[in-house]
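# An overview of the molecular structure
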Amino acid sequence: MSMKLKSIHLSHYRNYSNLQLELNDGLTILVGNNAQGKTNLLEAIFLLSVTKSHRTNHDQELIQWGQDFALVEGQVQTENYSYPLSLQISSKGKQAKFNYIDQAKLSSFIGKLNVILFAPEDLQIIKGAPGLRRKFIDTELGQSHPVYLQELLTYHRLLKQRNRYLKDYGRSTKFDDLYFEVLSQQFIEQAVKVIGYRTKFVQDLARLAQEIQEELSGQKDQLTISYDASHSRLNYQEIDQLAQAFTDLFAANQQREKDQGVTLYGPHRDDLSFYLDGKPAQFFGSQGQQRTIVLSLKLAEIELIKELKGHYPVLLLDDVLSELDAHRQTVLMTRIANQVQTVLTTASLDGLNLDHLAHLSIYQVDQGHLEKEK
Ligand SMILES: Nc1ncnc2c1ncn2[C@@H]1O[C@H](COP(=O)(O)OP(=O)(O)O)[C@@H](O)[C@H]1O
Ligand SMILES: [Mg+2]
């Protein structure tokens, strides 16, 4: 079973003044030159899933120039339900509706549509800064476990509070040890929760990605993934002893934290590492190997959503097919064909193998307008 986005409607979204699109259950291809609105459309679908763009943190950029709001609406269908989702962005912020009802908390809206997006920038998950990998975990974990987002918010609130106290009083005689200890205990408790979610997620993802990597690389590359504490010797596998380990670590480093005025340990500094045959892929992997890891990750996420939610998510492929060699393209297309609803963008249809697809639509994208070709 898979989740389907039956239709999407855009109003004043980026370069789309008004778009109504009915999607088929299989593959939809958006073809067009640069800067016509292909990625914008995928971005809008992604937004409907996680309420954030994958390209910008500034929601206002999504509003069509000269307009004062942007609206994205979609109709979702699962095995037993069919419901509308709507997200409106204005200068006042975001308004999310599930089944026409306002959702005061975005976390109760996130995940009503499950989407996996694969774009060229995703190579940064391997090569980029740790913050990008944390964002990757948080976004993907959030859509399968919306409650995680609540826990993460609480964690960041406690982190901010603890940092503020260290900054304001770390060097002062007014520093209240007892108060700080209470604050630290709350912080640690929340940190352990966040780490618990993340390590479980990474374990599940690694298990699936490893198999897929073997298929993609023809058994050659052994992929391992680990979630690590970036600058400490904390052992994240021993989750039941983690709180005590944190307490000891903070006790041993209190002076350093006071001097620097920040919390030195916790999930806000953690990282994810990828290894091929035991060697860090970030440093030793070729561009092609790194790209294969990202593809394995994305395909693993699709399977993980299926395991956790009971349905396949919608897959969005932004200009990535042309970067994959024939074998990887075939593995990808075979895995998704006729079971994962997919929207893909490309500059050209040349070289795409579109045989054996039960549902296929092709649209030409031209300055925010779609023209059906097939
Ligand atoms: N807020 C906005 N209002 C109107 N047009 C926008 C807005 N943001 C981006 N654009 C336009 O969208 C186009 C880029 O669309 P994009 O989907 O990234 O192109 P591509 O087809 O190459 O994927 C550009 O022409 C850009 O000027
Ligand atoms: Mg694009």
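Residues numbered from 1 in each chain as written. Chains lettered and ligands numbered in written order. Predicted model: local features only at pLDDT ≥ 70, side-chain atom pairs only at ≥ 80, totals over all residues. Heavy atoms only, no water.

This part takes up the packing of aromatic side chains. This structure, assessed with the given rule, holds twelve aromatic pairs. When the ring of Phe175 is compared with that of Phe180, the centres are 5.0 Å apart and the planes differ by 55 degrees; the resulting orientation is tilted. Here Phe175 matches Phe180 in class, with each residue buried. Ring geometry for Phe246 versus Phe250: centroids 5.9 Å apart, planes at 25 degrees, classification stacked. Note that Phe246 and Phe250 are positioned in helix α6 (residues 242-252) at a spacing of four residues, about one turn of the helix. Overall, Phe250 belongs to the buried group, its relative accessible area being 5%. Taken together, the ring pairs in this structure connect Tyr155, Phe187, Phe246, Phe250 and Tyr265 into an aromatic cluster. The ring of Phe187 has Arg162 lying over it, and the distance from NZ or CZ to the ring centre is 5.5 Å. Sitting over the face of the ring of Phe175, Lys258 holds its NZ or CZ atom 4.1 Å from the ring centroid. (Phe/Tyr/Trp six-rings, centres within 6.5 Å; stacked < 30°, edge-to-face > 60°. Buried < 20%, exposed > 50% of the residue type's maximum accessible area, 1.4 Å probe, protein only. Helix = DSSP H or I, 4+ residues; strand = E, 2+ residues; numbered from the N terminus. Lys NZ or Arg CZ within 6 Å of the ring centre and 35° of its normal.)

Moving on to the domain arrangement of the protein. In terms of domain boundaries, the protein breaks down into domain 1 (1-114 + 311-374) and domain 2 (128-309). Taking only C-alpha atoms into account, the centre of domain 1 sits 29 Å from that of domain 2. With 23 residues of domain 1 at the interface, the matching set in domain 2 holds 20 residues. Counting the surface lost from both domain 1 and domain 2, the interface buries some 2100 Å², and carbon and sulfur atoms represent 58% of this. Per-residue buried area on domain 1 facing domain 2 is highest for His311, Arg328 and Arg335; these three make up 28% of the total on that side. Taken together, domain 1 and domain 2 are joined by three salt bridges. The partner of Glu323 in a salt bridge is Arg291, with the nearest N and O atoms 3.2 Å apart. Put simply, domain 1 and domain 2 have nine residue pairs in polar contact (both at pLDDT 80 or more) between them. The set of elements that each furnish at least two residues to the side of domain 1 that touches domain 2 consists of α1 (38-50) and α10 (326-336). (Domains from an automatic or database assignment. Contact = heavy atoms within 4.5 Å. Buried area = accessible area lost by both parts, 1.4 Å probe. Salt bridge = Lys/Arg side-chain N within 4 Å of Asp/Glu carboxyl O. Polar contact = N/O pair within 3.5 Å; in protein donor to acceptor, adjacent residues only side chain to side chain.)

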